[in-house]
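Fold and geometry: a report
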Amino acid sequence: MRKEVLTRKERAMGWLYEGVPDEEHEGHAVGVLANGVIPAYGSGGRWSELEFRDGWWSAGGGVDDPGVEPAWLVPACVCGWRGERVGYDPRAEAAARGQWDVHMDDVTVYFLAAAKAAEGFVGALQTAREEGEYDARPLAVIKALRVTQTRVGSEIAAAVGAARARELSWELIGEALGVTRQTAHERYREIEAVAARS
């Protein structure tokens, strides 16, 4: 089986996922000063925001450093997406990157084998219903779906364990499940925080 294509990688220009064109989705942290100003620089007739990565950074080089640390970082993507401000401290870039990763989860979900399988399964169910299987043998369909529901439930639990192993919050897990943070915690608090492949 081919190794997961959507691994994270870093490079000089920003945050990327392999397999996703960087001209469509490349993330970075934008520094915001205490007065709300985002420092910018001009290059080639256009203005760009200064990124902040352990210091102010620009693709143009030779940019005047504002001389102060930012008050906040804002995760951003070249597609135009913006995340929430993160108060600046030594871990702020990781927090900003975490928001961008959630954005990329939304962007890349249909590249994932699991999403493709789910889409294929839903299509097969629709075909079965349209071809009369539900009407001809409804109890057999119910039993088949019950077995599938049990298996999907155990796979969701494994994915929650993997999310917890990456120290993702219950709020983010709940959002992915379509429930509140409290509901996610109540349902899955007993799940061990371990990588799914372990």
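Residues numbered from 1 in each chain as written. Predicted model: local features only at pLDDT ≥ 70, side-chain atom pairs only at ≥ 80, totals over all residues. Heavy atoms only, no water.

Attention shifts here to the overall build of the protein chain. When helices and strands are counted, the protein chain shows 6 helices and 9 strands. Counting all 198 residues of the protein chain, 26% fall into the buried class. Here the analysis covers contacts within the protein chain between residues at least 6 apart in sequence; of these, 45% occur between residues at least 24 apart. Surface accessibility of the protein chain: about 13300 Å² in total, with carbon and sulfur atoms responsible for 52%. (Helix = DSSP H or I, 4+ residues; strand = E, 2+ residues; numbered from the N terminus. Buried < 20%, exposed > 50% of the residue type's maximum accessible area, 1.4 Å probe, protein only. Contact = heavy atoms within 4.5 Å. Areas by Shrake-Rupley, 256 points an atom, 1.4 Å probe, with all protein chains shown as cover.)

Now for the packing of aromatic side chains. Geometry of an aromatic ring pair is reported as the spacing of the ring centres plus the angle between the planes. A complete count under the given rule lists 4 aromatic pairs for this structure. Taking the centre distance of 5.9 Å and the plane angle of 50° together, the rings of W15 and W100 count as tilted. Within this pair, whereas W15 is found in strand β2 (residues 14-17), its partner W100 is found in helix α1 (residues 92-108), the two being separated by 85 residues in sequence. Across the pair, W100 and W15 agree in class, each one buried. Site record: aromatic cluster; members linked through ring pairs are W15, Y17 and W100. Positioned above the aromatic ring of W72, the side-chain terminus of R85 is 4.2 Å from the ring centre. (Phe/Tyr/Trp six-rings, centres within 6.5 Å; stacked < 30°, edge-to-face > 60°. Lys NZ or Arg CZ within 6 Å of the ring centre and 35° of its normal.)

Chain-level pLDDT for the protein chain is 85 on average; 89% of the residues reach the 70-or-more range. Mean pLDDT per element in the protein chain: strand β1 (residues 8-11) is the minimum at 39, and helix α6 (residues 181-188) is the maximum at 96. (pLDDT = per-residue confidence, 0-100.)

Judged by side-chain charge, D105, D106, E171 and E175 come together as a negatively charged surface patch. Counting residues per element, the ones that place at least two in the negative patch are α1 and α5 (170-177). By secondary structure assignment, the location of D105 is in helix α1. (Patch = residues over 30% accessible without salt bridge, like charges linked within 9 Å, V, L, I, M, F, W, Y side chains within 5 Å. Salt bridge = Lys/Arg side-chain N within 4 Å of Asp/Glu carboxyl O. Lys, Arg positive; Asp, Glu negative; His and termini not counted. Charge placed at Lys NZ, Arg CZ, Asp CG, Glu CD.)

Moving on, we come to a nonpolar patch on the surface. Taken together, the side chains of V152, I156 and L177 make up a nonpolar region of the molecular surface, amounting to roughly 200 Å² of accessible area. Summarising the element assignment, I156 is placed in helix α4 (residues 138-165). Classification of I156 by relative accessible area gives partly exposed; the value is 31%.

The topology assignment puts T108 in helix α1. In terms of polar contacts, T108 uses its side chain to reach the backbone carbonyl oxygen of M104, at 2.6 Å. (Polar contact = N/O pair within 3.5 Å; in protein donor to acceptor, adjacent residues only side chain to side chain.)

We now examine the pairing of strand β8 (residues 72-77). The buried fraction of β8 amounts to 5 of the 6 residues, a majority that puts the element mostly inside the structure. As paired strands, strand β3 (residues 27-32) and β8 are joined by 6 bridges and run antiparallel to one another. Each residue of the ladder has a partner; that of V30, found in β8, is V74. Here 2 bridges tie β8 to strand β9 (residues 86-87), and the two strands are oriented antiparallel to one another. Paired with W72 across the two strands is G87, which belongs to β9. (Pairing = 2+ DSSP bridges.)

Turning our attention to the packing of α4 against α5. With their axes 10 Å apart at the nearest point, α4 and α5 run at an angle of 150° to one another. As judged from the angle between their axes, α4 and α5 are roughly antiparallel. When you trace α4 past α5, the crossing you get is right-handed. Only W170, I173 and L177 of α5 make contact with α4, whose side of the interface consists of I156, V160, A163 and R164. Looking at the contact of α4 with α5 residue by residue, the classes come out as 6 nonpolar, no polar and 1 charged. (Axes fitted to C-alpha atoms, helices over the stretch in contact; angles between N-to-C directions. Parallel < 35°, antiparallel > 145°, perpendicular 65-115°, else oblique. Left-handed = near helix turned anticlockwise from the far one by under 90°. Nonpolar A, V, L, I, M, F, W, Y, C, P; charged D, E, K, R; others polar.)

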